[in-house]
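Coordinate inspection notes
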Amino acid sequence: MLAPVGMASAADINETLPVVAGYDWSGLYAGADVGYVAGKSNLFIAGGGIGGATDLNSSLDPDGFIGGIHIGFNQQMANRFVLGAEADIAYNNVDGLTNFGGSALIKSEIKWSGSARLRAGYAFDRTLPFITAGVAAAKYEATIITATPSGDILVHDETHTGWTIGAGIEHALPTGGSRGPNIATPVSAAKSSR
């Protein structure tokens, strides 16, 4: 009776257990994102003060909410490095307001922003720290609010392009979604090339 039990135990020891494969970041993904933007800037116009006798230098600190969509593709290599590309577009409700000589105000607005970026990271199973860089664009408007019958005056209306660089961490949820904080988002890290 004991011999068969001993043999069965020895056979069990030699069996190989199934290996659970790690998470694979390869594939197409898309999603939506929301956030809050705060900036610090100054409006400087040489000779723009009252009567043109002084320079105008006034703080213009924009803030507001941002929301948009993104789409991308990742390819995980055998050594756990992950390469990918991502594009995003966002609607912005980001503006700043400052005094512009007397009773007039100037309002600056970012209407929309977007970017197209390459990404590289290293997968720790379901966690992916990454760096990213690419091109960014934003629609910027500046309007003088006169409070007169002539109405407001649009003084700047242009789409600015430049570069963006950032880093972040994503974590894949058991339900299949992922997204994590960006240390430097494309919008806040964008710098005009002009």
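Residues numbered from 1 in each chain as written. Predicted model: local features only at pLDDT ≥ 70, side-chain atom pairs only at ≥ 80, totals over all residues. Heavy atoms only, no water.

1. Concerning the packing of aromatic side chains
- Applying the stated criterion across every chain yields a total of 4 aromatic pairs.
- Between Y23 and W25 the ring centres are 5.2 Å apart and the planes differ by 80°, which places this aromatic pair in the edge-to-face class.
- Grouped by ring-pair contacts, the aromatic residues F81, Y122 and F124 constitute a single cluster.
- Positioned above the aromatic ring of F130 is the side chain of R119, whose terminal nitrogen or guanidinium carbon lies 4.4 Å from the ring centre. (Phe/Tyr/Trp six-rings, centres within 6.5 Å; stacked < 30°, edge-to-face > 60°. Lys NZ or Arg CZ within 6 Å of the ring centre and 35° of its normal.)

2. A word on the confidence of the model for the protein
- Model confidence for the protein is summarised by a mean pLDDT of 80, while 74% of its residues fall at 70 or above.
- The weakest mean pLDDT in the protein belongs to helix α2 (residues 186–189) at 37; the strongest belongs to strand β4 (residues 63–76) at 96.
- Of the regions scoring below 50 in pLDDT, residues 1–11 engages in 0 contacts with residues more than four places distant in sequence or in other chains.
- Across residues 181–194 the pLDDT falls below 50, and counting only partners more than four positions away or on other chains, this stretch makes 33 contacts in the model. (pLDDT = per-residue confidence, 0-100. Helix = DSSP H or I, 4+ residues; strand = E, 2+ residues; numbered from the N terminus. Contact = heavy atoms within 4.5 Å.)

3. Considering unusual backbone geometry
- With a phi close to 75°, R80 is a non-glycine residue in the positive phi region.
- Residue placement: R80 occurs in the loop between β4 and β5 (81–99).
- Of the residues examined, R80 reaches a relative accessible area of 40% and is grouped as partly exposed. (Buried < 20%, exposed > 50% of the residue type's maximum accessible area, 1.4 Å probe, protein only.)

4. Things to note about the nonpolar core
- Counting residues in hydrophobic clusters, the biggest one holds 7 residues: L43, L56, L60, A104, I106, A142 and I144.
- In terms of nonpolar packing, the next biggest core, distinct from the first, is built from 5 residues, W25, A123, L128 and A172 among them. (Core = buried A, V, L, I, M, F, W, Y, C linked by side-chain atoms within 4.5 Å.)

5. Focus: the pairing of strand β7 (residues 127–145)
- Bridge analysis of strand β6 (residues 105–122) against β7 gives 16 bridges, and the strand direction is antiparallel. Each bridged residue has a counterpart across the sheet, and for A120 the counterpart in β7 is I131.
- The antiparallel pairing of β6 with β7 creates a hairpin that spans 4 residues between the two strands, and D125 there sits at a positive phi of about 55°.
- The sheet contact formed by β7 and strand β8 (residues 153–171) spans 18 bridges and is antiparallel. Across the sheet, I144 pairs through a bridge with I153, a residue of β8. (Pairing = 2+ DSSP bridges.)

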